[in-house]
Amino acid sequence: MEIVPVSLVLNYQQTGKYALNVVAGSIMTRRILRGTPVYFSKNLEQLLTHINEAQRQSEKVVVGWSFYSPQFTTIIDDLTVIKQQTNSANVIHLAGGVHATAEPLQTLNAGFDLVAVGEGEQIICDLLAAIATGQDIKTTRGIAYLDAEALVKNGKGETVDLNDYPPCASRYRKFGPIEITRGCVYACKFCQTPFVNKARFRHRGIENIAHYVRIMAANGLRDYRFLTPTSLSYGSQDESVNIDAIEHMLATVRSIIGKQRRMFYGTFPSEIRPEHVTENNLAVLKKYVDNDNIIIGGQSGSQAILDSSRRGHDVESIINAVKISIKAGFRPNVDFLYGLPGETRQDAQLTIKLANQLADLGARIHNHTFMPLPGTPFRNEQAGKIDNHTKQQIVELTTRGKAYGKWKGQLKIAKELELLKQKQQ
Ligand code: SF4
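Residues numbered from 1 in each chain as written. Predicted model: local features only at pLDDT ≥ 70, side-chain atom pairs only at ≥ 80, totals over all residues. Heavy atoms only, no water.

Trainee: Before we move on, could you go through a nonpolar patch on the surface and cite the residues and values that matter?
Mentor: On the surface, Met1, Ile3 and Ile32 cluster together to form a nonpolar patch covering roughly 340 Å² of accessible area. Structurally, Met1 can be placed in the segment before β1 (6–11). (Patch = residues over 30% accessible without salt bridge, like charges linked within 9 Å, V, L, I, M, F, W, Y side chains within 5 Å. Areas by Shrake-Rupley, 256 points an atom, 1.4 Å probe, with all protein chains shown as cover. Salt bridge = Lys/Arg side-chain N within 4 Å of Asp/Glu carboxyl O. Helix = DSSP H or I, 4+ residues; strand = E, 2+ residues; numbered from the N terminus.)

Take a look at the structure:
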């Protein structure tokens, strides 16, 4: 069979890097794709250069973009520049990630040629294989495209078993946090995770994690981090904590990396649910991890808002989590989300009051603004707003060194997402 040469150029800017590592790693699982040239473009200039180079090298070029909803407008600006400055005859711009999955029509209308709907591993492999073997790419499972302005979708990409795909692209030395769990059994109404990746946990097995930790260690990596929707849910299929599974996993990783390398768990880029924080659970983390802080999802100081956003925990559990963390020797960073649907000035004041109380106990407060994210039950809600009095109190807390966060920029992004939604309706 004659093979059509195809290159993959990845828009490897800050956003979507972890997902693109997985994309580049995935194609190594298919024999036919192992020779595919892959470019990692760290900025727009490199993206232009790499597309031109790839066009000289291959008959077809797939440019992979992966982004979150807050980056959508910036990504569209970048795509416009790239399309203006390249000959797009043999180039396919493919968008993936949570935003593209939730809003394929909007994404295609913005200029992308194809959208990967759902999880990307199988889609990218099938798409590149279809190009290489001269098949019709539009029949690829999980691909969406426009046909005379109408959206055509070939279902969703396969819901993968994490053990079937690498969490990194070791051939290119592209490593990030190891994704140990995908999907989430909680259904917080503001969050895209359970709605894009299914409302159940899929865990990477410990042997599989160990395999990639060994590869990373052989490549000289010093720091080991993990990607999970809720850190203390590893090994569990429901809301309970399986601390034995977590300990087994952490002990296995530690036994491979030794004392010289560092392991981070329950902190960036993943957080812990407050009701999972117990003395026993944190004592287990303390035995193995190098982080001196953990991230706790608090979200609101108003029980009514916690309930209406289906958080599944109470205010008291946030306070307990902070007290227990400090006692266990971890500085807690607590995430709060202002402007959630239905939040009154009184609700916001309850959150500020709680934030001050937690800060006095020793926590740092990480402030966010609610954004109506596509794909979530709150997608049609208004952009989060924060009243001036609350804003002033957030600033005061920040000035005291007790709070941080991009809540101001998110006010603007939330509004942009709301306007995009309105345009579509
Ligand atoms: S906010 Fe966290 S716990 Fe809630 S659904 Fe999202 S990932 Fe799950």
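There's plenty left to go through after this.
Trainee: Which residues make up the side chain of Asn11, and what values go with them?
Mentor: Inspection of the secondary structure assignment puts Asn11 in strand β1. Here the side chain of Asn11 touches Gln13 through a polar contact of 3.0 Å, side chain to side chain. (Polar contact = N/O pair within 3.5 Å; in protein donor to acceptor, adjacent residues only side chain to side chain.)

Trainee: Any chance you could break down helix α10 (residues 279–288) for me, citing the residues and the numbers?
Mentor: Along α10, the residues classified as buried are Asn281, Leu282, Val284, Leu285 and Tyr288. Around the axis of α10, the buried residues are gathered within 150 degrees of arc, so they sit on the same side. Where the residues of α10 are buried, they touch α9 (243–257), β13 (262–263), β14 (293–299) and α12 (315–328). (Buried < 20%, exposed > 50% of the residue type's maximum accessible area, 1.4 Å probe, protein only. Arc of directions from axis to C-beta. Contact = heavy atoms within 4.5 Å.)

Trainee: Hey, could you go over empty space enclosed by the protein for me, with residue numbers and the actual values?
Mentor: The gaps left among the atoms become clear once a water-sized probe is rolled over them. For the coordinates displayed, the defined rule picks out 2 cavities of 30 Å³ or more. Put simply, the largest cavity is a space of about 60 Å³. If you go around the largest cavity, the residues you meet are His99, Glu103, Gln106, Pro372, Pro374, Arg379, Leu417, Leu420, Lys421 and Gln424. For the lining of the largest cavity, the element with the most residues is helix α15 (residues 407–424), which contributes 4 residues. The residue makeup of the lining of the largest cavity, split by class, is 4 nonpolar, 3 polar and 3 charged. Taken as a whole, the second largest cavity holds about 30 Å³ of empty space. (1 Å grid on protein atoms, 1.4 Å probe; cavity = no way out; pocket = protein on both sides within 12 Å on 5 of 7 lines; lining within 4 Å. Points joined across faces, edges and corners; volume = space filled by probe spheres on them. Nonpolar A, V, L, I, M, F, W, Y, C, P; charged D, E, K, R; others polar.)

Trainee: Any details on the site of the ligand? Residues and values, ideally.
Mentor: Taken together, Cys184, Tyr186, Cys188, Phe190, Cys191, Pro194, Pro229, Thr230, Arg273 and Arg311 form the complete shell of residues around the ligand. Looking at the shell around the ligand residue by residue, the classes come out as 7 nonpolar, 1 polar and 2 charged. (Near = heavy atom within 4 Å.)

Trainee: Outline a positive patch on the surface, supporting the account with residue identities and numerical values.
Mentor: A cluster of basic residues, Lys153, Lys156, Lys198 and Arg200, forms a positive patch at the surface. Tracing the chain through its elements places Lys198 in the loop between α7 (193–197) and β10 (202–203). (Lys, Arg positive; Asp, Glu negative; His and termini not counted. Charge placed at Lys NZ, Arg CZ, Asp CG, Glu CD.)

Trainee: How would you summarise the sheet that holds strand β4 (residues 91–96) if you had to cite specific residues and measurements?
Mentor: Spatially, 7 strands are ordered β2-β1-β3-β4-β5-β6-β7 in an open sheet, and the strand pairing comes out mixed. Strands with a single pairing partner mark the edges of an open sheet, and in this sheet they are β2 (38–41) and β7 (150–153). Sheet twist, expressed as the mean angle between neighbouring strand axes with direction ignored, is 25 degrees. Alignment of β4 against strand β5 (residues 114–116), held across 2 bridges, turns out to be parallel. Along β5, the bridge assignment pairs Ala95 with Val115. Relative to β2, helix α2 (residues 44–57) is tilted by about 165 degrees, and along the sheet it contacts β1, β2, β3 (60–66) and β4. Strand contacts of helix α3 (residues 72–85): β1, β3 and β4, with the helix running at about 160 degrees to β3, the strand carrying the most contacts. (Pairing = 2+ DSSP bridges. Axes fitted to C-alpha atoms, helices over the stretch in contact; angles between N-to-C directions.)

Trainee: Which residues make up unusual backbone geometry, and what values go with them?
Mentor: With an omega dihedral of 5 degrees, the bond running from Phe268 to Pro269 counts as a cis peptide bond. Looking at the element boundaries, Pro269 is found in the loop between β13 and α10. One non-glycine residue with positive phi stands out, namely Ala148, at about 50 degrees. The class for Ala148 is exposed, based on a relative accessible area of 72%. Positive phi is not limited to glycine here, since Gln299 has a value of about 75 degrees. Position of Gln299 relative to the elements: it lies in strand β14. On the basis of relative accessible area, Gln299 is assigned to the buried category, the value being 7%.

Trainee: Hey, could you go over the pairing of β1 for me, with residue numbers and the actual values?
Mentor: Counting buried positions along β1 yields 6 of 6 residues, so the element is predominantly enclosed. Where burial is concerned, the two faces of β1 agree: the one with Val6, Leu8 and Leu10 and the one with Ser7, Val9 and Asn11 are both buried. With 5 bridges connecting them, β1 and β3 associate as parallel partners. When the bridges of β3 are listed, Ser7 appears paired with Val61.

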